[in-house]
Structure formats: structure tokens, C-alpha cells
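Here are the chains, one letter per residue:
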Amino acid sequence: MSGEELVFVACVAPLVGFLGMYSGGFWGVGCGWLIVPTALICFHCTPSQAAGIGLLQMVPSILPSVVRETPQIGWGRGSLGRRIVLPAALGALATAFSGRPINDFFDRLFGAKALMFAFGVFMLFVGYKTLFGGNKNAYSETTPITFSRGAERPAFLGGLAAGIFSSVLGVGGAMVFRPILAYGFKFNETDTARSVRFLLLTTTTTGGLSYLFSRSGMDLKVLLLSGMIALGGSFGFPLGVRAHRIMIETGYGREVSRSFATICGIVTLNVALLFFDLKLLSQIVMSVFAILLFSAITLSTVYARKSPRRVTEP
């Protein structure tokens, strides 16, 4: 990179990371919908580099929050951690670690656009279920305390699917994990977000490393851009987590759960724009949405604090 390019990256990359990971922390998902097109268009990366950056930059951003929350998931006998979260993580590990080979295989078998179309349809379905589907437990205080042994198999299969999408599209896998936990296993909003953040760390670490290293060695451009974006994401993600917690504690769990449909719509739109090769328009639209989401989440949190539906003990 030239000196001018380095200055541009130093100014833009942390801001992109902050805006994207702020909303990521709020819903417990990644921000590949913003990072990948930014890396492609603004930083002139290859698709493989963009996918790797979209995954790898999340690791330092989400690690502190995951370390703090992991004990709260629950890992006892029959718990959601042991029966659901751990099998899902193992499934994701099985596919996300082979990110680049899987990317190449599916690209040869179906073509990148076929996978993008399938993912877009999936996100439309998830958005519909979020708005009109029925997980009444999403707004409750508790998730079922124990799960049967049979729950491990669908959790593992869900992890496999999330790992594949994470590897191929650089979206972190949380877009798949969240509906599986919320609608498949009826997790409430707090346990869903907490578990998804743990699983997100699993897919982003393994998937990102598969793009960082290859037979020719380490990709320094992926390393540099991931680090610069993570500088902003490390501040944005915990702030988003805090905003999520405030909304839940003040009684706005229903709104938080349903608002995930917003991310589904944004991701679907991004996939559609990239599907029709409107890359520059995609970058502009995604940047605008990142700013709008930051503003909406911040204003909603301020409102919830001033007008709580319930008051919880600190």
C-alpha cells in the first residue's frame, strides 16, 4: 500500500468497524454485510480477502464480551450450553475451519450467485418469522432449563450450516445461529443473544484463520485491514451489548427481538445488490444503513432509560 492508501485505511477502517460492530453487539451478530462490500470496493480486496477480513476483524471485537458472558450460558448436565450451544459450536468448527476450500468447492459446484440467492431467500424467511412467527418465549424471562439428548443432533446440523455460510459469504454464521436458537429451540432474547455471541466467536476465529493463512504464507493485507477495522469494532461491540442489555432490563425485549428483522432486510438487500453486480451502490447503501442503525439503537436506548416498562435490580 502507498502512504495515501495507509492514511485512508487508518481513517476509514476503524469508523466502519465501530458502526458495524455496534449493531452487531446489539443483536449478537457480525457485520459482514458492511465489512465485506467495504473491503471489496474501498480497500480493493479480492473476494477471498474480503471474506477473511469480514470474519477475522470480529475476533478481538467480541472476545471480551464473550469471556464475560460465557459462564452465564450454563454448562451443567442437560443445560442449554451443553446440549445446544456446544454441539452447534462443534458443527461450525467442522466447516468454518475449512473456509477457503469450502468456498472454492461451492463456487465450482453451484456458483457464487446461486449461494448468494439461497442465502438471500433464507434471510427473507427469517425476517418474516421474526416479525410474524411465533416464539412467545422470546419475550419471557427464562429459557427451558433442560434439554433432551435428542436436541444435540439438530444443534450440530445447524452448526454445520452456519459454518458453511460463514465460510463462503464471510457473514460470521450468527445470521443462521440466531433463528435456530430463537425459533428452533425457543430461547428467550437474552439467552439467544448471549449464546449467539459465543458461537459467533467460534465461527469467526476458525473461518478467519483459514483465510489469513494459505500455502503461500500469511496474507498481510488481510491482517492489516482486520486489525484496523477491529480497532473501532472493539469499542462498538461492547457498547452494542450494553444497549441490548438496557433494552431488555427496561422491558423492551419484544421490540429487540422483532427488530432483528431490520438486519434480515438489510442483509437481503445487500445480497440482492451484489447478486446484480451493483457493488458501488451496495457500499453506499450499506454505509447509510450502518449510520441509521447506530442512530436508531442509540435513540431507542435513551428512550428506554427514560421510559422503562419495568425496573430491575442492578
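Some words on the overall build of the chain
For step 1, the next point in the chain: A count of helices and strands for the chain gives 13 helices and two strands.
For step 2, the next point in the chain: Here the chain, with 314 residues, has 54% of them falling under the buried criterion.
For step 3, the next point in the chain: Residue pairs at least 24 apart in sequence account for 82% of intrachain contacts in the chain once pairs closer than 6 positions are excluded.
For step 4, the next point in the chain: For the chain, the accessible surface area stands at approximately 14,000 Å², while carbon and sulfur atoms represent 69% of it.

Describing the nonpolar core
For step 1, the next point in the chain: In this structure, W33 and M175 are the most contacted members of the largest nonpolar core, which totals 76 residues.
For step 2, the next point in the chain: Every residue in contact with W33, bar those within four places of it in the chain, is listed here: S23, M175, I263, I266, V267, N270, M286, F289, A290 and L293.

Some thoughts on a nonpolar patch on the surface
For step 1, the next point in the chain: A grouping of L86, L90, L93, F156 and L157 is seen on the molecular surface, where their side chains present a nonpolar patch of about 420 Å² in accessible area.
For step 2, the next point in the chain: For the nonpolar patch, the secondary structure elements donating two or more residues are helix 5 (80–96) and helix 8 (152–169).
For step 3, the next point in the chain: In terms of residues, the nonpolar patch owes the most to one element, helix 5, which gives three residues.
For step 4, the next point in the chain: Within the secondary structure, L86 is located in helix 5.

A few points about unusual backbone geometry
For step 1, the next point in the chain: Although it is not a glycine, H44 adopts a positive phi angle of roughly 55 degrees.
For step 2, the next point in the chain: Tracing the backbone through its elements, the reader meets H44 in the loop between helix 2 (32–41) and helix 3 (47–56).
For step 3, the next point in the chain: Judged by relative accessible area, which is 58%, H44 ranks as exposed.

Points about a positive patch on the surface
For step 1, the next point in the chain: Together, R68, R242, R245 and R305 make up a region of like positive charge exposed at the surface.
For step 2, the next point in the chain: Looking at where R68 falls in the secondary structure, it is placed in helix 4 (residues 58–73).

Overview of the packing of aromatic side chains
For step 1, the next point in the chain: Scanning all chains against the criterion turns up eight aromatic pairs.
For step 2, the next point in the chain: With 5.2 Å between their ring centres and 80 degrees between their planes, F275 and F276 make a pair best called edge-to-face.
For step 3, the next point in the chain: Residue class for F276 comes out exposed when judged on its relative accessible area of 57%.
For step 4, the next point in the chain: We note R178 situated over the ring of F260; from NZ or CZ to the ring centre the distance is 4.8 Å.

Structural notes on the environment of G163
For step 1, the next point in the chain: Its location among the elements puts G163 in helix 8.
For step 2, the next point in the chain: Of the residues examined, G163 reaches a relative accessible area of 0% and is grouped as buried.
For step 3, the next point in the chain: For the pair G163 and G207, spaced 44 residues apart in sequence, the C-alpha to C-alpha distance is 7.9 Å.

Thoughts on the state of the cysteines
For step 1, the next point in the chain: What the rule picks out here adds up to zero disulfides.
For step 2, the next point in the chain: You can see C42 has no disulfide; the closest cysteine sulfur is in C45, sitting 10.0 Å from it.
For step 3, the next point in the chain: Residue classification places C42 among the partly exposed positions, given a relative accessible area of 25%.

Examining the pattern of salt bridges
For step 1, the next point in the chain: If you walk through the whole model with that rule in mind, you get five salt bridges.
For step 2, the next point in the chain: A salt bridge links E152 to R83; the nearest nitrogen and oxygen atoms lie 2.7 Å apart. Of this pair, E152 sits in helix 8 while R83 is found in helix 5, placing the two residues 69 residues apart along the sequence.
For step 3, the next point in the chain: Here R83 falls in the buried class, since its relative accessible area comes to 12%.
For step 4, the next point in the chain: Residue E255 pairs with R309 through a salt bridge whose shortest N-O separation is 3.0 Å.

Things to note about helix 3
For step 1, the next point in the chain: The buried count for helix 3 comes to eight of ten residues, which makes it a mostly enclosed element.
For step 2, the next point in the chain: Among the residues of helix 3, those classed as buried are Q49, A50, A51, G52, I53, G54, L55 and L56.

Re the confidence of the model for the chain
For step 1, the next point in the chain: A residue-level look at the chain finds 86% of positions with pLDDT of 70 or above and a mean pLDDT of 83.
For step 2, the next point in the chain: Least confident of the elements in the chain is helix 6 (residues 99–109), whose mean pLDDT is 67; most confident is helix 11 (residues 220–249), at 94.

Some points on the side chain of T70
For step 1, the next point in the chain: Position of T70 relative to the elements: it lies in helix 4.
For step 2, the next point in the chain: At 2.6 Å, the side chain of T70 forms a polar contact with the backbone oxygen of V66.
For step 3, the next point in the chain: Aside from chain neighbours lying at most four places away, what touches T70 is W75 and F198.

Looking at helix 4
Residue pairs three or four apart in sequence face the same way in an α-helix, which turns once every 3.6 residues.
For step 1, the next point in the chain: Most pronounced at V67, the bend in helix 4 amounts to some 40 degrees, and the proline P71 follows within four residues.
For step 2, the next point in the chain: Summarising the contacts, the buried residues of helix 4 are in contact with helix 1 (3–27), helix 2, helix 3, helix 5, helix 10 (189–212) and helix 11.

Topic: the environment of R149
For step 1, the next point in the chain: Summarising the element assignment, R149 is placed in the loop between helix 7 (112–132) and helix 8.
For step 2, the next point in the chain: A C-alpha to C-alpha distance of 9.8 Å links R149 and R82, two positions 67 residues apart in sequence.

The rules behind these values
- The numbering scheme is per chain: residues are counted from 1 as the chain's sequence reads.
- Given that the model is predicted, a residue must reach a pLDDT of at least 70 before its local features are reported, and side-chain atom pairs must reach 80 or more before they are shown or counted; all residues, however, enter totals for whole chains, interfaces and linings.
- Side-chain measures here rest on the full set of heavy atoms in the structure, leaving out hydrogens and waters.
- Strands here mean DSSP runs of E at least two residues long; helices mean DSSP runs of H or I at least four residues long; both are numbered from the N terminus.
- Only protein chains enter the accessibility calculation, which uses a 1.4 Å probe; a residue whose area is less than 20% of its type maximum is buried, one above 50% is exposed, and one in between is partly exposed.
- Whether two residues are in contact is decided by their heavy atoms, any of which lying within 4.5 Å being enough.
- Surface exposure here means Shrake-Rupley accessible area, sampled with a 1.4 Å probe, where a residue is shielded only by the protein chains that are shown.
- The criterion is simple. A nonpolar core is a set of buried Ala, Val, Leu, Ile, Met, Phe, Trp, Tyr and Cys residues joined through side-chain atoms within 4.5 Å.
- Here a patch means residues that are over 30% exposed by relative accessible area and free of salt bridges, tied together within 9 Å if like-charged and within 5 Å if nonpolar (Val, Leu, Ile, Met, Phe, Trp, Tyr).
- Think of a salt bridge as a Lys or Arg side-chain nitrogen and an Asp or Glu carboxyl oxygen that are within 4 Å of each other.
- Positive residues here are Lys and Arg, negative ones are Asp and Glu, while His and the chain termini are left out of the count.
- To locate a charge, take atom NZ for lysine, CZ for arginine, CG for aspartate or CD for glutamate.
- Centres within 6.5 Å are what make two rings of Phe, Tyr or Trp a pair, Trp counting through its six-membered ring; a difference in plane orientation under 30 degrees is then read as stacked, over 60 as edge-to-face, and the rest as tilted.
- Two limits define a charge over a ring: the Lys NZ or Arg CZ must be within 6 Å of the ring centre, and within 35 degrees of the ring normal.
- Any pair of cysteine sulfurs within 2.5 Å is marked as a disulfide.
- How sure the predictor is of each residue is captured by pLDDT, a score from 0 to 100.
- Polar contact is defined as a pair of N or O atoms within 3.5 Å, subject to the rule that within protein one atom must be able to donate a hydrogen and the other to accept it, and that residues adjacent in sequence are counted only when both atoms are side-chain atoms.
- What the bend at a residue measures is the angle between two axes, fitted to the seven residues ending there and to the seven starting there.

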